[in-house]
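Now for the letters of each chain:
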Amino acid sequence: MLRFVGRIGRAVRAHPGRAALVVVGLALAAVLGTYYYARAEWRAAQAAVREARPEEARQRLAFCRKVWPRSVEVHILSARAARLCGDYQEAEAYLSRCLELQGGANDAIQLEFLLMRTQTGEVEEVTPSLIALVDSNHPDSLLILETMARTYMHGLRYGPAYQCLNRWIAISPDDARPYQWRGWVMERMNHPARAEEDYQRSLDLNPDQPLLRLRLAEMYLEDKLPLAALPHLEYLRAREPDRADVKARLGQCRFLQGRTQEARELLMAAIAQLPDDLPVQIHLAKLDLEDSRPAEAEKRLRRVLTIDPFDTEAQYNLSLALRAQRRRAEADAAMALHDKNRALLDRSNKLLAAEAEHPTRGPDAAYEIGTALLQVGQERIGVHWLEQALQRDPTHVATHRALAEFFERKGDKERAAEHRRWAPSPEPK
């Protein structure tokens, strides 16, 4: 490079009249280079937003804004990328800049404001406007449906999310993402077979989804279908042979196939990196039971139940381990607890499925779902449903009482007191 610059310098000194042409040529080359690079970054940013890679888009758009600081289009996409990353303050700043550059709001700016309101919790207020745009075949219909579905899923509102995803698939049947998202919704609506179908369809359209492939394999293993899980696990292991979670699930698969020695080797290799992986501990406990080592199995299962006291599979196998040690009374107690928690879990799943299929407006169903989930240790989701009940009826006494008792158990006196004002403790008799 230095030699090249030196040659240019000697040429300019030898031919002063050409100096201006050289400078202009170099400047023009720099301008054109910057322009074409910016165009490439712009196209890459647009693709990144479409393909759900908003962080990458934000990085590329930073250069675009330097080249086109007064471009409304660039600032709108910058706002969209920031919104998809959850940075609403930055998104609003870009939209405010759009208003300055545009001298007011155009349709694209208004749409982005609506989508930000949707994502920040005002979905009910803006849904009619957004659905009207989709009904009129707006060019950004897919973006609208994606944002609404994302918001409903985040709020655990599975029924409306399912409807949005159905429309997304109808418009764009070869897009892998809505099938993946709809499968996630189907899992939570207690329709595992339909979830598996959607996950498989998503993988058919985009095979490069390792986490989704692993989840599908896990679902097949939960259904005791090792031959269905095996191709997915072998696919993952061929690409990432050292992944502990893949070894763990392949170990479960070999256990179900009756290949116990290989199963133990894989599970032991996985547990060194995943000591709190509950399925690994449970399957090693099952192998211990098969090898007539019930005391070792008991240790593993009690570790599982320390992490998740409501794990029904661990409770069932703990009963077997205790019975094998002739501790019959303890075994009976463990099995009774298993039966109780299994019934509660089935009830909560049925309530969730019923609410998703036929959404209600009153507080009672949400209260019932919330309390059922709390009983099986699903605290985050349970509290969410209790809060949903209060959104439907802020004076619902039973819900306030349930939340007060929950926060009292957690030692959160301030939040417990808020709910006790609506539902005082009963007077002692």
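Above this text sits the structure in question.
These figures come from a predicted structure and were not determined experimentally. (Residues numbered from 1 in each chain as written. Predicted model: local features only at pLDDT ≥ 70, side-chain atom pairs only at ≥ 80, totals over all residues. Heavy atoms only, no water.)

If you tally the helices and strands in the chain, you get 22 helices and zero strands. Relative to the 2.2 N^0.38 estimate, which gives 22 Å for 429 residues, the radius of gyration of the chain is 29 Å and therefore markedly larger than a compact globule would have. Counting all 429 residues of the chain, 43% fall into the buried class. Here the analysis covers contacts within the chain between residues at least 6 apart in sequence; of these, 48% occur between residues at least 24 apart. (Helix = DSSP H or I, 4+ residues; strand = E, 2+ residues; numbered from the N terminus. Rg over C-alpha atoms; globule rule 2.2 N^0.38 Å. Buried < 20%, exposed > 50% of the residue type's maximum accessible area, 1.4 Å probe, protein only. Contact = heavy atoms within 4.5 Å.)

Another point: the side chain of Arg-58. Relative to the helices and strands, Arg-58 resides in helix α3 (residues 54–67). Separated by 3.0 Å, the side chains of Arg-58 and Asp-87 make a polar contact. In this view, Arg-58 contacts Ala-81, Ala-82, Cys-85, Asp-87 and Glu-90; residues no more than four positions away in its chain are not counted. (Polar contact = N/O pair within 3.5 Å; in protein donor to acceptor, adjacent residues only side chain to side chain.)

Further remarks concern the packing of helix α16 (residues 294–307) against helix α17 (residues 312–324). In the contact formed by α16 and α17, the axes pass within 9 Å of each other and the chain directions differ by 150°. With respect to α17, the axis of α16 lies roughly antiparallel. Classified by chirality, the crossing of α17 by α16 is left-handed. Together, Pro-294, Ala-297, Glu-298, Leu-301, Arg-302, Val-304 and Leu-305 of α16 and Ala-314, Gln-315, Asn-317, Leu-318, Ala-321, Leu-322 and Ala-324 of α17 make up the contact between the two elements. (Axes fitted to C-alpha atoms, helices over the stretch in contact; angles between N-to-C directions. Parallel < 35°, antiparallel > 145°, perpendicular 65-115°, else oblique. Left-handed = near helix turned anticlockwise from the far one by under 90°.)

Moving on to the nonpolar core. Membership of the largest hydrophobic core comes to 43 residues, with the highest contact counts inside it found for Leu-130, Ile-144, Leu-165, Val-185 and Leu-233. If you list the elements that add at least two residues to this core, you get α6 (107–135), α7 (141–154), α8 (158–171), α9 (176–188), α10 (192–205), α11 (210–222), α12 (226–239) and α13 (244–256). Setting aside anything within four residues of it in sequence, one finds Val-185 in contact with Met-153, Tyr-158, Ala-161, Tyr-162 and Leu-165. Core analysis: the second largest hydrophobic core is formed by 13 residues, Leu-278, Val-304, Ala-321 and Ala-334 among them. (Core = buried A, V, L, I, M, F, W, Y, C linked by side-chain atoms within 4.5 Å.)

So, about the side chain of His-75. Summarising the element assignment, His-75 is placed in helix α4 (residues 72–84). Ignoring sequence-local partners within four residues, the contact set of His-75 consists of Arg-65, Trp-68, Pro-69, Tyr-94, Arg-97, Cys-98 and Leu-101.

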